[in-house]
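Remarks on the overall topology
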Amino acid sequence: MIFLLIYMIGFAFQVTAQEIPLSPMNNPANINLLQTETTKMSWTMLQDSKEVKIGEVVTDIKKGEDSVTIITTAVLKQSPVTWVDSTIVRTYDFAPIYHSSYNQQRNLVLRFGEKITGFFLDKDTGAKTQLEEEVSMPFFDSNFYPQLIRLLPFDENFSKTISIFDYNPKSKTGVITATIRGVEEVNFEHEGKSVAVWKVEVTDDISNNLTTSVYYLNKYNRKILRQEIHLGGKMMVMRIVG
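The following paragraphs examine the structure supplied in this document. Owing to the predicted nature of the structure, the values given are computational and were not obtained by experimental measurement.

With that settled, consider the side chain of Ser142. Looking at the secondary structure, you find Ser142 in the loop between β9 (140-141) and α2 (145-149). Since its relative accessible area comes to 11%, Ser142 is described here as buried. Residues in contact with Ser142, not counting those within four places in the same chain, are Ile164, Phe165, Asp166 and Ile206.

Written out as structure tokens, the structure is:
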């Protein structure tokens, strides 16, 4: 009986000590840091020590009393089609309401409620899949979590996992995680001035944690000044314009 009690106490402590992923039900984000705004970023790739321009990305955020709408528009030099992603989340906890993605490769629509419904159209094959999934745990939309990162209460060596939902028939589908692996306060050169930023390193299960994104966030207003995307020996860079 004594050994059983010791085991039960140890097991209970282990469960309590396990980190609970961030989600709409475990959400320490500072909602006031997210404001209605429009941000434009240039998108380049480093290739043979030279920067090659890929295109530009504009992110429009509209913060309402009940919901936040985020529309991301990417204009790529090598694509005749404008890529548009739209995300709607609840204002008070950022729970997902709607997500759509329209680009040269696919059309995707997700509606979040008691069930996740929508469709996926593969433009390469013409195959259209109707979606209906039940999920038993809380999560953020995978398209929203880069905005969530801006709002977290950072300190040095901050690390967290984030529960996200992503649909990709060529990769993982369902509730997966993004992981903030490290946070560091550094000085960053921006428009000829030294700016205090949080340097935030993130990976996620969407890429099987093979891709690392590094965000440089203005420490005070949390604008993304620069984002680096590292995959193997390649690196893409997005820089704020204006």
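Next comes the rest of the write-up.
Next up on the list: the nonpolar core. Phe94, Ile149, Phe154, Ile162, Ile180 and Val200 are the most contacted members of the largest nonpolar core, which totals 42 residues. In this structure Ile162 touches Leu22, Phe140, Tyr145, Leu148, Ile149, Ile176, Thr177, Ala178 and Ile180, once residues within four positions along its chain are discounted. Counting residues in hydrophobic clusters, the runner-up holds nine residues, among them Leu110, Phe112, Ile116 and Phe139.

It is worth spelling out the layout of surface pockets at this point. Here the second largest pocket defines a volume of roughly 280 Å³. In terms of lining, the second largest pocket is formed by 16 residues, of which the most central are Ala95, Pro96, Gly113, Pro138 and Phe139. A per-class count over the lining of the second largest pocket returns eleven nonpolar, one polar and four charged.

Next up on the list: the packing of aromatic side chains. All told, the structure shown has nine aromatic pairs when counted by the stated rule. Ring pairing ties together the aromatic residues Phe94, Phe140 and Phe144, which thus form one cluster. Stacked on the ring of Phe119, the Lys or Arg Lys128 has its end atom at 4.5 Å from the ring centre.

Basis of the calculations
- Sequence order sets the numbering: in each chain, residues are counted from 1 along the sequence as written.
- Under the rules for a predicted model, residues below a pLDDT of 70 receive no local features and side-chain atom pairs below 80 are neither given nor counted, while totals for whole chains, interfaces and linings still include all residues.
- By convention in this description, side-chain values take in all heavy atoms of the structure and omit both hydrogens and water.
- Put simply, DSSP marks the helices as runs of H or I at least four residues long and the strands as runs of E at least two long, and each gets a number from the N terminus on.
- For every residue, the accessible area obtained with a 1.4 Å probe (protein chains only) is divided by the maximum for its type, and the residue is called buried under 20%, exposed over 50%, and partly exposed between those limits.
- By definition, residues are in contact when any of their heavy atoms lie within 4.5 Å.
- In this description, a nonpolar core means a group of buried Ala, Val, Leu, Ile, Met, Phe, Trp, Tyr and Cys residues linked to one another through side-chain atoms lying within 4.5 Å.
- Computed over the protein atoms alone on a 1 Å grid, cavities are sets of points where a 1.4 Å probe fits but cannot get out and pockets are open sets with protein on both sides within 12 Å along at least five of seven lines; a residue lines them when it has an atom within 4 Å of a point.
- Grid points are joined across faces, edges and corners, and a volume is the space filled by probe spheres set on the points.
- Each residue gets one of three labels, nonpolar for Ala, Val, Leu, Ile, Met, Phe, Trp, Tyr, Cys and Pro, charged for Asp, Glu, Lys and Arg, and polar for the others, Gly among them.
- The criterion for an aromatic pair is that two Phe, Tyr or Trp rings (for Trp, the six-membered ring) have centres within 6.5 Å, with stacked assigned to planes under 30 degrees apart, edge-to-face to planes over 60 apart and tilted to the rest.
- Here, a charge over a ring means that NZ of Lys or CZ of Arg falls within 6 Å of the ring centre while also lying within 35 degrees of the ring normal.

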